[in-house]
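Spelled out, the chains give:
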Amino acid sequence: MAIPKISDKSISEALSFIDAHGVPGKNESTMYELLSDEGKKYPPKYVIAVANHIENGVEIITDGYNAVEAKNYFENHGYKIEMREWRKQNNVYRYEYVD
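Definitions and cut-offs
- The written sequence of each chain sets the order in which its residues are numbered from 1.
- Local features in a predicted model are, by the rule used here, given only for residues with pLDDT of at least 70; side-chain atom pairs are given and counted only at 80 or more, and totals for whole chains, interfaces and linings are based on all residues.
- Remark: hydrogens and water are excluded; side-chain values derive from all non-hydrogen atoms of the structure.
- Secondary structure counts use DSSP, requiring at least four H or I residues in a row for a helix and at least two E residues in a row for a strand, with both numbered from the N terminus.
- Three exposure classes are used, based on accessible area relative to the maximum for each residue type with a 1.4 Å probe and protein chains only: buried under 20%, partly exposed in between, and exposed over 50%.
- Every residue pair with non-hydrogen atoms within 4.5 Å of one another is taken to be in contact.
- Within this scheme, the nonpolar core is defined by two criteria: the residues are buried Ala, Val, Leu, Ile, Met, Phe, Trp, Tyr or Cys, and they are joined through side-chain atoms within 4.5 Å.
- The arc in question is traced by the directions running from the helix axis to the C-beta atoms.
- A 3.5 Å cut-off defines polar contacts: any pair of N or O atoms within that distance qualifies, except that in protein one atom must be a possible hydrogen donor and the other a possible acceptor, and neighbouring residues in sequence count only when both atoms are side-chain atoms.
- Axes, fitted as lines to C-alpha atoms, cover a helix only where it is in contact. Angles between the N-to-C directions of the axes lie from 0 to 180 degrees.
- In this scheme, roughly parallel covers angles under 35 degrees and roughly antiparallel covers those over 145, while 65 to 115 is roughly perpendicular and the rest are oblique.
- Here, a salt bridge means any side-chain nitrogen of Lys or Arg that lies within 4 Å of a carboxyl oxygen of Asp or Glu.

**Student:** Explain the overall build of the chain to me, please; I cannot follow it from the model alone.
**Tutor:** A tally of regular secondary structure across the chain gives three helices and four strands. Secondary structure elements of the chain occur, N-terminal to C-terminal, as α-β-β-α-α-β-β. Counting across all 99 residues of the chain, residues that qualify as buried make up 33%. Taking all contacts inside the chain whose residues are at least 6 apart in sequence as the whole, residues at least 24 apart take part in 56%.

Laid out in structure tokens, this is it:
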């Protein structure tokens, strides 16, 4: 399955939905984050899933496409994506934003 057909309006509504309801732990992003115009960060795969739910009435699921496809979708549609990298600091690994 590819990225579903969704509109900018559904994406905007998805961001509002996520602001109101949060992101389930299993849907948090580890590599990429979608940046809103206000500077808020959202997991791209989950944004697509919620926008698809809003636009097409389907369940909110992130199966059928991966994080890179979600990132590419948003970048190709003019959205800003931040990338994080797995880095070691004081013998602890964690994701940090790449400049």
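**Student:** Where do I start with the nonpolar core in this structure?
**Tutor:** Considering soluble globular proteins, one finds that nonpolar side chains tend to be buried as a cluster. With 19 residues, the main nonpolar core has I11, L34, V47, I48 and F74 as its most contacted residues. Of all the elements in the fold, those that place two or more residues in this core are helix 1 (8-21), strand 1 (32-35), helix 2 (44-56) and helix 3 (67-76). Among the elements that line this core, the one with the most residues is helix 2, at six residues. Not counting residues within four places of it along the chain, the set of residues in contact with V47 comprises I11, A14, L15, I18, L34, Y42 and F74.

**Student:** In this structure, what is going on with helix 3? I would like to understand it.
**Tutor:** Along an α-helix, residues three or four apart share an orientation, since each turn contains 3.6 residues. Regarding helix 3, the residues found buried are A70, K71, Y73 and F74. An end-on view of helix 3 places all buried positions within 160° of arc, on one side of the element. Its side-chain oxygen at 3.0 Å from the backbone nitrogen of V68, N66 defines the N-terminal cap of helix 3. Note on helix 3: the residue one or two positions beyond its end, G78, has a positive phi of about 85°.

**Student:** When you look at the packing of helix 2 against helix 3 in this model, what are you seeing that I'm missing?
**Tutor:** Relative to each other, helix 2 and helix 3 sit at 75°, their axes nearing to 8 Å. Comparing their axes, helix 3 and helix 2 come out roughly perpendicular. Between helix 2 and helix 3, the residues in contact are P44, K45, V47 and I48 and A67, A70, K71, Y73 and F74, respectively.

**Student:** Just checking my understanding: could you explain the pattern of salt bridges for this structure?
**Tutor:** Where charged atoms from two side chains of opposite charge approach closely, those side chains can pair. What the rule picks out here adds up to four salt bridges. For the salt bridge of K9 with E13, the shortest nitrogen-to-oxygen distance reads 3.2 Å. Of the two residues, K9 and E13 both sit in helix 1, four residues apart, roughly one turn of that helix. Its relative accessible area of 32% is what places E13 among the partly exposed residues. Across the salt bridge formed by D19 and K40, the nearest N and O atoms sit 3.4 Å from each other. With D19 in helix 1 and K40 in the loop between strand 1 and strand 2 (41-42), this pair connects stretches of sequence that are 21 residues apart. Taking the relative accessible area as the measure of exposure, D19 reaches 42% and is therefore partly exposed.

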